[in-house]
Amino acid sequence: MVGSANLNIMIKAARKAGRSLVKDFREVENLQVSMKGAGDFVSRADIAAEKILKDELLGARPTYGWLAEEGGGQDGEDPTRRWIVDPLDGTTNFLHGLPHWCISIALEHKGKIVAGVIFDAAKDEMFFAEKGEGAWMNESRIRVSARHRMIESIFATGLPYGGRSDLPATLQDLARLMPVCAGVRRWGSAALDMAYVAAGRYEGFWERRLNAWDLAAGIIIVREAGGMVDALEPSGSILDSGEVICANEPIFDSFSKVIRG
Ligand code: IPD
Ligand code: CA
Ligand code: CA
């Protein structure tokens, strides 16, 4: 696919930040002996990746607004366009030497996501989409899966850790879902979870208490791959609520009935 100038800027930025993160990821294993050392190192890796992304994205489009996990947001001269960035999604995996983390970059225009890139640098898988152009992984077009029976389907979520208040709701979801499906995965990167739904690797994903930078790129990649994405509260705002449910079209109704209770 020949992408727009903006998509090419996003992909180039993701590759550059990806090289920096891969280099740092190799170091992480050496640092496992000292927990403090590894933790500090990873937050420096995260901040360094965000700086590369900001320099590349705002360097190419200086009038756009900016929202990113580490440094927060800033308005641009152009109030209609904004980059939404998570420089490292899956930090806990990265810290533990697990190769399942990514960079997530979205472009928002007039409140709608118009382009998204999710780059799994460790596996060299670049997921991307632009409005009306389909969804892609490297050189191949991707589609959501065609499975329509819950009992044959697998789903992903995030399990709330460290005393988070949404644990009871998630445990109730699991109690309803697990008996009627083929399995539930918790891989530790919400952005990659959405990319995997788009690629048909699993049928659906839901999670509470996320942020705009975890979700923005995934929204357009899933939709362009033929999937459905909604806020958990029907017709609510996904980015404002931070609660998402997405799936292939044939399974969305049954899946959302189980999750929404
Ligand atoms: C986290 C991951 C994880 C999700 C957490 C997020 P981070 O992002 O997406 O899968 O369950 O809620 O905060 O902290 O690694 O950027
Ligand atoms: Ca994240
Ligand atoms: Ca992050």
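Residues numbered from 1 in each chain as written. Chains lettered and ligands numbered in written order. Predicted model: local features only at pLDDT ≥ 70, side-chain atom pairs only at ≥ 80, totals over all residues. Heavy atoms only, no water.

**Overview of the coordination of the calcium ion (ligand 3)**
Consideration 1: Of the protein atoms, only E69 (OE), D86 (OD), D86 (OD) and L88 (O) coordinate the calcium ion (ligand 3), at distances of 2.1 to 3.1 Å.
Consideration 2: Donor residues for the calcium ion (ligand 3), ordered by position in the chain, follow E-x16-D-x1-L.
Consideration 3: In this structure, the calcium ion (ligand 3) lies 3.7 Å away from the calcium ion (ligand 2), the two metals sharing D86 as a donor.
Consideration 4: A relative accessible area of 1% places L88 in the buried class. (Donors = N, O, S within 2.8 Å, 3.2 Å for Na, K, Ca; no water. Buried < 20%, exposed > 50% of the residue type's maximum accessible area, 1.4 Å probe, protein only.)

**So, the coordination of the calcium ion (ligand 2)**
Consideration 1: Bound to the calcium ion (ligand 2) are the protein donor atoms D86 (OD), D89 (OD) and D214 (OD), situated 2.1 to 2.2 Å from the metal.
Consideration 2: Overall, D86 belongs to the buried group, its relative accessible area being 1%.
Consideration 3: In this structure D89 comes out as buried when scored by relative accessible area, which is 7%.

**With respect to the sheet that holds strand β12 (residues 227-231)**
Consideration 1: Read across the sheet, 5 strands follow the order β10-β9-β11-β13-β12 without closing on themselves; strand pairing throughout is mixed. Where the open sheet ends on each side, the last strands, each with one partner, are β10 (183-185) and β12. Here the strands of the sheet are splayed against their neighbours by 20° on average, with no regard to which way each runs.
Consideration 2: By the bridge criterion, 3 bridges tie strand β9 (residues 154-157) to strand β11 (residues 204-207) in an arrangement that is parallel. Within the sheet, the bridge partner assigned to T157 lies in β11 and is W206.
Consideration 3: Along the sheet, helix α6 (residues 212-224) makes contact with β12 and β13 (244-248), crossing β12 at roughly 145°.
Consideration 4: Packed on one face of the sheet, helix α8 (residues 249-260) meets β9, β11, β12 and β13 and runs near 145° to β13. (Pairing = 2+ DSSP bridges. Helix = DSSP H or I, 4+ residues; strand = E, 2+ residues; numbered from the N terminus. Axes fitted to C-alpha atoms, helices over the stretch in contact; angles between N-to-C directions. Contact = heavy atoms within 4.5 Å.)

**Side note on the environment of I47**
Consideration 1: Structurally, I47 is set in helix α2 (residues 35-60).
Consideration 2: Residues I47 and L88, 41 residues apart in the sequence, show an inter-C-alpha distance of 9.0 Å.

**Points about the pattern of salt bridges**
Consideration 1: Within this structure, the stated rule accounts for 15 salt bridges.
Consideration 2: The closest approach of N and O atoms between K12 and E56, which form a salt bridge, is 3.4 Å. Of this pair, K12 sits in helix α1 (residues 5-31) while E56 sits in helix α2, placing them 44 residues apart in sequence.
Consideration 3: The exposure class of E56 is buried, given its relative accessible area of 16%. (Salt bridge = Lys/Arg side-chain N within 4 Å of Asp/Glu carboxyl O.)

**A look at the layout of surface pockets**
Consideration 1: The computed volume of the largest pocket comes to approximately 440 Å³.
Consideration 2: Taken together, 25 residues form the lining of the largest pocket, with D89, G90, Y161, G188 and D214 sitting closest to its centre.
Consideration 3: At the level of secondary structure, the elements contributing two or more residues to the lining of the largest pocket comprise β3 (81-89), α3 (91-95), α5 (190-198) and α6.
Consideration 4: By residue class, the composition of the lining of the largest pocket is 7 nonpolar, 8 polar and 10 charged.
Consideration 5: Of the residues that make up the lining of the largest pocket, three or more belong to each of domain 1 (5-142) and domain 2 (150-260).
Consideration 6: Volume-wise, the second largest pocket comes out at about 290 Å³.
Consideration 7: What lines the second largest pocket is simply G111, K112, I113, K131, I219, I220, R223, E224, G236, S237, I238 and L239.
Consideration 8: For the lining of the second largest pocket, the elements supplying multiple residues, two or more each, are β5 (112-120), α6 and α7 (238-241).
Consideration 9: Among the elements that line the lining of the second largest pocket, the one with the most residues is α6, at 4 residues.
Consideration 10: Its residues assigned to classes, the lining of the second largest pocket shows 5 nonpolar, 3 polar and 4 charged. (1 Å grid on protein atoms, 1.4 Å probe; cavity = no way out; pocket = protein on both sides within 12 Å on 5 of 7 lines; lining within 4 Å. Points joined across faces, edges and corners; volume = space filled by probe spheres on them. Nonpolar A, V, L, I, M, F, W, Y, C, P; charged D, E, K, R; others polar. Domains from an automatic or database assignment.)

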